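Listed below, chain by chain, are the residues.
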Amino acid sequence: MLICDTHCDTLYMRALEPACTPCVTMEAMERGGMSLQTCTLFAGPGGVSDHPYEKAMAEYAVFERLRDTQGWTCVDSPLEAEEGKVKILLSIEGGEIFEGRAERVHEFYNRGVRMAALTWNNENEIASPAKAGSRDGIKPKGWEILREMAGLKMAADTSHLNEAGFWDLMDRHSQPPMASHSCAHALCPHFRNLTDRQIRAMAERGGWIGVNFYPAFLSPTGRASISTLCDHIDHICQLGAQKHVGFGSDFDGIETTPDDCRSPADIPAILSELRRRGYSEEAVSDIAGGNFLAYCRRLGW
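Definitions and limits used
Residues numbered from 1 in each chain as written. Predicted model: local features only at pLDDT ≥ 70, side-chain atom pairs only at ≥ 80, totals over all residues. Heavy atoms only, no water. Helix = DSSP H or I, 4+ residues; strand = E, 2+ residues; numbered from the N terminus. Buried < 20%, exposed > 50% of the residue type's maximum accessible area, 1.4 Å probe, protein only. Contact = heavy atoms within 4.5 Å. 1 Å grid on protein atoms, 1.4 Å probe; cavity = no way out; pocket = protein on both sides within 12 Å on 5 of 7 lines; lining within 4 Å. Points joined across faces, edges and corners; volume = space filled by probe spheres on them. Nonpolar A, V, L, I, M, F, W, Y, C, P; charged D, E, K, R; others polar. Salt bridge = Lys/Arg side-chain N within 4 Å of Asp/Glu carboxyl O. Polar contact = N/O pair within 3.5 Å; in protein donor to acceptor, adjacent residues only side chain to side chain.

Enquirer: Please clarify how the environment of Ser180 should be interpreted in this entry.
Expert: Mapping Ser180 onto the fold places it in the loop between β6 (178-179) and α7 (196-204). For Ser180, a relative accessible area of 0% gives the class buried. Sequence separation between Ser180 and Trp208 is 28 residues; the distance between their C-alpha atoms is 7.7 Å. Beyond its immediate stretch of four places on either side in the chain, Ser180 contacts Thr6, His7, Met115, Asp157, Ser159, Trp208, Gly210 and Gly248.

The following block contains the structure:
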């Protein structure tokens, strides 16, 4: 079975928060049977004025070191994922890393980036974040960047994007978008989560949703377990998105985790809970990684 995770912040932690101890390690990924771990190049919390490109390059240098010393192998396509072998996919979180320049999109594509979250919690040249409460959609410069991304089959990631931007992508972008690390708003009414209407639209458009493991997005109490996480998967499936859901852990980017899922080593326990709830082996395999790879095929990878 292929197991894929579409978001972690391990490279940022290792590059710019060296006092912290990452939970995403080669040992943990191997113990969890990971096939594909997506590591993001994060713009950082400071927005466009805080040198996001330089931060991304510092994180990429960490990836190169892990590649050379610990075997963190980057794939050109997610479809290269193999059972029993840990591979790394690179992404971007915070489109300000592109600095509004088409050549930056090509530069990061050539470094292995295959998906990009258009915003983090800061407004940039592309769009506005959900956190800001803005009703503005994708900006003109954003459409230029998105056209370059589409030409390279680089996925547009709506996690952190505001709702107006989300619907712009649904209505006007040439490719189906994704949400690499988002949960269900109906179960936890946080601004970062997707409404039922958004979830249905994602499925109808051929997109994909990676359920975030952050307790603050999983439960209004701020405490969560694997059972809570599976409640979100259940909810998304019940809305007709059973072929469009999987994992987007956000490991090393969240200050707390579910009580019984603290690293990639614990992901098999999620699969066991899905089986306990009556999911077929085919459905478990789809959620573990098959749905994400099917999304990648729809992008033309």
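Enquirer: I'm lost on the layout of surface pockets in this one. Help?
Expert: Which parts of space are left empty comes out when a probe the size of a water molecule is rolled across the atoms. A volume near 430 Å³ is recorded for the largest pocket. Residue lining of the largest pocket: 23 residues in total, with Trp120, Asp250, Gly253, Ile254 and Glu255 positioned closest to the centre. Looking at the lining of the largest pocket, its residues break down into ten nonpolar, six polar and seven charged. In this model, the second largest pocket occupies a volume close to 230 Å³.

Enquirer: What is the right way to read helix α6 (residues 163-172) from this model?
Expert: Think of an α-helix as turning once every 3.6 residues; residues three or four places apart then point the same way. Every buried residue of α6 is listed here: Gly165, Phe166, Trp167, Asp168, Leu169 and Met170. Each element contacted by the buried residues of α6 is listed here: α5 (140-151), β5 (155-157) and α7.

Enquirer: For this particular structure, what's the right way to read the pattern of salt bridges?
Expert: Side chains that differ in sign of charge can pair as their charged atoms come close. Applying the stated criterion to the full structure yields 21 salt bridges. In this structure, the salt-bridge partner of Lys87 is Glu82, at a minimum N-O distance of 3.1 Å. For Lys87, a relative accessible area of 13% gives the class buried. Note that Asp259 is salt-bridged to Arg223, the shortest N-O span being 2.7 Å. Here Arg223 lies in the loop between α8 (215-218) and α9 (226-241) and Asp259 lies in the loop between β8 (245-247) and α10 (267-276), a separation of 36 residues in the sequence. The exposure class of Asp259 is partly exposed, given its relative accessible area of 35%. For Arg223, a relative accessible area of 55% corresponds to the exposed category.

Enquirer: Even after reading the chapter, I still don't get the environment of Arg223, so can you show me in this structure?
Expert: Remark: the alpha-carbon pair of Arg223 and Thr256, spanning 33 residues in sequence, is separated by 8.8 Å. Discounting residues that sit within four places of it in the chain, Arg223 has contacts with Pro215 and Asp259. A distance of 2.7 Å separates the side chain of Arg223 from the side chain of Asp259, its partner in a polar contact.

By themselves, these observations are geometric and do not establish any function.
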